[in-house]
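# Overview (structure and organization)
Here's the letter readout for the chains.
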Amino acid sequence: MSELKSLYATIQDRKDNPEQGSYTSYLFDKGLDKILKKLGEENTEVIIASLMQSKEDLINEIGDLLYHLIVLMVEKGITLEEVEAELEKRSKKSHNLKPERRPIENL
């Protein structure tokens, strides 16, 4: 089993069977807002590590980001297989240059 699949299974188990003192169980207990806050923090830390820190620090931050991303996936009921299928579908496209995004309009 790949490390990501193993991590996903562990996170899913923590959601299904919360453990006292488990950080993962804590995230699920606090809910989507907390999960998204942590995901945002970890994303920012990856950016900072990319610019200012060592490769080892960046690898550690990417690991944290992947962990929190998988917590979000479990929370929202998205499997690794679904993401892999999407990536496979995208890999079959070629010459898929995206146009510039439209500006966000105030609502």
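The structure we're discussing is the one just above.
Residues numbered from 1 in each chain as written. Predicted model: local features only at pLDDT ≥ 70, side-chain atom pairs only at ≥ 80, totals over all residues. Heavy atoms only, no water.

### What about the pattern of salt bridges?
To keep things clear, this is the line we draw: Throughout this description, the term salt bridge denotes a Lys or Arg side-chain nitrogen within 4 Å of a carboxyl oxygen of Asp or Glu.
In the structure shown here, the tally under the stated rule is eight salt bridges. Measuring nitrogen to oxygen at the nearest pair gives 3.6 Å for the salt bridge that ties R14 to D13. Overlapping salt bridges, with partners in common, bring together D13, R14 and E19 in one network.

### Some details on the packing of helix α3 (residues 32-52) against helix α4 (residues 55-76)
Two quantities define a packed helix pair, namely the angle between the axes and the distance from one axis to the other. Threshold: The angle between two axes is taken between their N-to-C directions and runs from 0 to 180 degrees, where each axis is a line fitted to C-alpha atoms and a helix contributes only its stretch in contact. Each helix corresponds to a stretch of at least 4 residues labelled H or I by DSSP, and each strand to a stretch of at least 2 residues labelled E; elements are numbered beginning at the N terminus. If an angle is under 35 degrees, it is roughly parallel; if it is over 145, roughly antiparallel; if it lies from 65 to 115, roughly perpendicular; otherwise it is oblique. Each crossing gets its hand from how the near helix is turned against the far one by less than a right angle, where anticlockwise is left-handed and clockwise is right-handed. Between two residues, a contact is recorded if the distance between any of their heavy atoms is within 4.5 Å. Charged means Asp, Glu, Lys or Arg here, nonpolar means Ala, Val, Leu, Ile, Met, Phe, Trp, Tyr, Cys or Pro, and polar covers whatever is left, Gly included.
Across the interface, α3 lies against α4 with an axial gap of 9 Å and an inter-helix angle of 155°. The angle between α3 and α4 falls in the class roughly antiparallel. For the pair α3 and α4, the crossing hand works out as left-handed. The residues of α4 that touch α3, namely those facing L32, I35, L36, K38, L39, E42, N43, E45, V46, A49 and S50, are D57, L58, E61, I62, D64, L65, H68, L69, V71, L72, E75 and K76. A class-by-class count of the residues in the contact of α3 with α4 yields twelve nonpolar, three polar and eight charged.

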